[in-house]
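Understanding the architecture of this molecule
These are the residues of each chain, in order.
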Amino acid sequence: MSKIKRYVAKLLLIVIAFTQTSFASTLEVKNARSYILYNMETDSIIASSNNINEAVPIASVSKLMTFYIALNKIKDGDINLDDEVVIKKEDCYPTGNRLGIKEGESYSLKRLIEIMMTNSCNDVTAAIARHIAGSEAAFVTMMNEEAKSLGYKSAIFYNAHGLPRLPDLKQNSMSTVDILDLAKKIITEHPNYVDFTMTVAIDYPEKNYHEENTNPLFGREGVTGLKTGTTRAAGNCFVCTFHTIGDGTTTLDNAFISVLLGTKNSKAREENSAALVDYAKENYSKKILLSKKNNKKTIENLDSYKEEKLEIESEKEFTKSLKNDINTETKLIMNKDLNYDHIKKGDTVGEYKVYIDGEEVFKTDAIAMNSLTKKTIFDRIYEFFLNVWSFEKLSTAE
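Our subject in this report is the structure included herewith. Since the model is a prediction, treat every value here as computed from it, not as a measurement.

1. Side note on the packing of aromatic side chains
Under the definition given, this model contains 6 aromatic pairs. Plain terms: the ring middles of F256 and Y284 are 6.4 Å apart, the flat faces sit at 70° to each other, and that makes the pair edge-to-face. Residue F256 is found in strand β12 (residues 254-263), and its partner Y284 is found in strand β13 (residues 284-290); the two are separated by 28 residues along the sequence. Under the relative-accessibility criterion, F256 is labelled buried at 1%. The exposure class assigned to Y284 is buried, which follows from its relative accessible area of 13%. Here a set of aromatic residues connected by ring pairs shows up, and it is made of F242, F256, Y279 and Y284. In this structure, K331 is placed above the aromatic ring of Y355, and the distance from its NZ or CZ to the ring centre is 5.2 Å. Over the ring of Y305 we find K374, and its NZ or CZ is 5.2 Å from the ring centre.

This is the structure in structure tokens:
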């Protein structure tokens, strides 16, 4: 290959690498009413549209409030997952997503919640609401009271599931930011939420029913939920909970939430949700910036001491979720007036400092993990004769 061809090839590789890097660092959400991408580790919004405080129709995303109340009631002991729920006629919704439950059938509460969160069945949701509050109407009152107590001024609920109310067609509404907060509460207060959101499909052959999980990103690494929703007024919506998977040495798992509302169709919902997830995964990591294992320091060749080395670890550890292009540095600064003759295990011998983009953000004591014992004249005489004996033994062997 000529020098010119090699130069052109190298230039092409540089251009390709630059293009790939630029793509990874760009987020584009198309044809959506609103969206938020949120970093759980830093309690901060990474990206959002400008209208996240506006109340909008939310369709079956409403079921997140039903889910939250049910989990709270279970946690408080008011109801149990093993409760048998006998279906009543009022539960049997004829429209929208439905399992086709029939009056007199019996299901465990756990199974009903699993079906609601997997396939968004409206008839099942109505049965859950009635089981908790006595009637769906009473449960809707409970939903609105809960929203008020949580400070969700944008929220209004007309039913437990999110279908348009008949005959006036009014729909449950919330702001994007309030939906985000509700999702945060679910996954932080009820980490067992995944017991209900990770089912691949619901099967009832006797009902000729087989539906896969409505989550458009189900099966992707790190995706754990959470809820879809679709009506004509709400458009296609999806609240996604997901995390990056750390290697345990330099990074830890980093949790995120995305809220996407009002896309025109299911394809746009999936593509935009994937864009939000990919942007977070490609650009953010929960970095282990200081750990006892990674930043352990050993000072060796201390010939004046019996131990001959001093091991040092940080008193505390430090992790932080950061953009991957941010510079970090960790330093060990030993005490200037440190007297090695008096070091005991557990003594502070300096401090570790962590810097992000040149700014100090964390510091902790550096701790001696062993004592140092000064060698006496007798120790040195012993070492001398030991070395002589070892040399003579080696010579004899040769």
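2. Considerations on the sheet that holds strand β19 (residues 359-368)
An order of β14-β15-β19-β18-β17 is seen for the 5 strands of this open sheet, with the pairing classed as antiparallel. A strand with exactly one partner marks an edge of an open sheet, and here the two such strands are β14 (297-299) and β17 (328-334). Direction aside, neighbouring strands of the sheet carry axes that sit 25° apart on average. For β14 and strand β15 (residues 310-314), the ladder comprises 3 bridges, and the chain directions are antiparallel. If you follow T298 over to β15, its bridge partner there is E311.

3. Re helix α6 (residues 176-189)
Between its first and last C-alpha, α6 extends 20 Å over 14 residues, near the 20 Å set by a 1.5 Å rise per residue. Inspection of α6 places T176, D178, I179, L180, L182, A183, K184, I186 and I187 among the buried residues, and these make up the whole buried set.

4. Details of the packing of helix α2 (residues 63-76) against helix α4 (residues 122-133)
In a packed pair of helices, the relevant descriptors are the angle between the two axes and the axis-to-axis distance. Interhelical geometry of α2 versus α4 gives an angle of 40° and a closest axis separation of 11 Å. Here α2 and α4 pass one another in a crossing that is left-handed. Two secondary-structure elements touch here, α2 through K63, T66, A70 and K73 and α4 through N122, T125, I128 and I132. Among the residues forming the contact of α2 with α4, the class breakdown is 3 nonpolar, 3 polar and 2 charged.

5. Some thoughts on the pairing of strand β8 (residues 209-212)
Across 4 bridges, strand β7 (residues 201-204) lies against β8 in antiparallel orientation. Of the residues in β8, the one forming a bridge with I202 is E211. Hairpin remark: β7 followed by β8, antiparallel, with 4 residues in the connecting loop; positive phi at N208, about 55°.

6. Examining the pattern of salt bridges
Proximity of charged atoms lets side chains of opposite charge pair with each other. A complete count under the given rule lists 17 salt bridges for this structure. Residue D91 pairs with R130 through a salt bridge whose shortest N-O separation is 2.9 Å. Taken as a pair, D91 in the loop between β4 (84-86) and β5 (106-108) and R130 in helix α4 lie far apart in primary sequence, 39 residues in all. Using a relative accessible area of 1% as the deciding quantity, one classes D91 as buried. As a salt-bridge pair, E311 and K296 come within 3.4 Å of each other at their nearest N and O atoms. Of this pair, E311 sits in strand β15 while K296 sits in the loop between β13 and β14; the two residues are 15 residues apart in sequence, bridging distant segments of the chain.

7. Details of the sheet that holds strand β16 (residues 318-323)
Taken in spatial order, the 3 strands line up as β11-β13-β16 in an open sheet, and their pairing is antiparallel. The open sheet has two edge strands, β11 (251-252) and β16, and neither has a second partner. Pairing between β13 and β16: 6 bridges, direction antiparallel. Its bridge partner being in β16, S285 is matched across the sheet by L322. Here helix α8 (residues 266-283) sits on the sheet in contact with β13 and β16, set at roughly 25° to β13.

8. Some points on helix α3 (residues 109-119)
The element α3 is largely enclosed, with a buried count of 9 among its 11 residues. Within the span of α3, buried status applies to L109, L112, I113, E114, I115, M116, M117, T118 and N119. Two residues or fewer after α3 comes S120, characterised by a positive phi angle close to 60°.

9. Some words on the side chain of T251
Among the structural elements, T251 can be located in strand β11. The exposure class assigned to T251 is buried, which follows from its relative accessible area of 17%. In this view, T251 contacts G246, S285, K286, K287 and I288; residues no more than four positions away in its chain are not counted.

10. Structural notes on the packing of α2 against helix α5 (residues 136-149)
Contact geometry of α2 with α5 gives a least axis separation of 10 Å together with a crossing angle of 90°. Taken together, the axes of α2 and α5 are roughly perpendicular relative to one another. Where α2 abuts α5, its residues M65, T66, Y68, I69, N72 and K73 lie against F139, M142, M143, E146 and A147. When the residues that make up the contact of α2 with α5 are grouped by side-chain class, the tally is 7 nonpolar, 2 polar and 2 charged.

11. Side note on the environment of N370
Its place among the elements puts N370 in the loop between β19 and α9 (377-397). For N370 and E307, which are 63 residues apart along the polypeptide, the C-alpha to C-alpha distance reads 8.4 Å. What N370 contacts, discounting residues up to four positions off in sequence, is E307, K309, L310, E311, I343, K344 and K345. Within polar-contact distance, the side chain of N370 engages the backbone oxygen of K309 at 3.2 Å. Looking at N370, its side chain comes within polar contact range of the main-chain nitrogen of E311, at 2.9 Å.

Rules behind the numbers
Residues numbered from 1 in each chain as written. Predicted model: local features only at pLDDT ≥ 70, side-chain atom pairs only at ≥ 80, totals over all residues. Heavy atoms only, no water. Phe/Tyr/Trp six-rings, centres within 6.5 Å; stacked < 30°, edge-to-face > 60°. Helix = DSSP H or I, 4+ residues; strand = E, 2+ residues; numbered from the N terminus. Buried < 20%, exposed > 50% of the residue type's maximum accessible area, 1.4 Å probe, protein only. Lys NZ or Arg CZ within 6 Å of the ring centre and 35° of its normal. Pairing = 2+ DSSP bridges. Axes fitted to C-alpha atoms, helices over the stretch in contact; angles between N-to-C directions. Expected span 1.5 Å × (residues − 1). Left-handed = near helix turned anticlockwise from the far one by under 90°. Contact = heavy atoms within 4.5 Å. Nonpolar A, V, L, I, M, F, W, Y, C, P; charged D, E, K, R; others polar. Salt bridge = Lys/Arg side-chain N within 4 Å of Asp/Glu carboxyl O. Parallel < 35°, antiparallel > 145°, perpendicular 65-115°, else oblique. Polar contact = N/O pair within 3.5 Å; in protein donor to acceptor, adjacent residues only side chain to side chain.

Everything listed is a geometric property; what it means functionally is a separate question.
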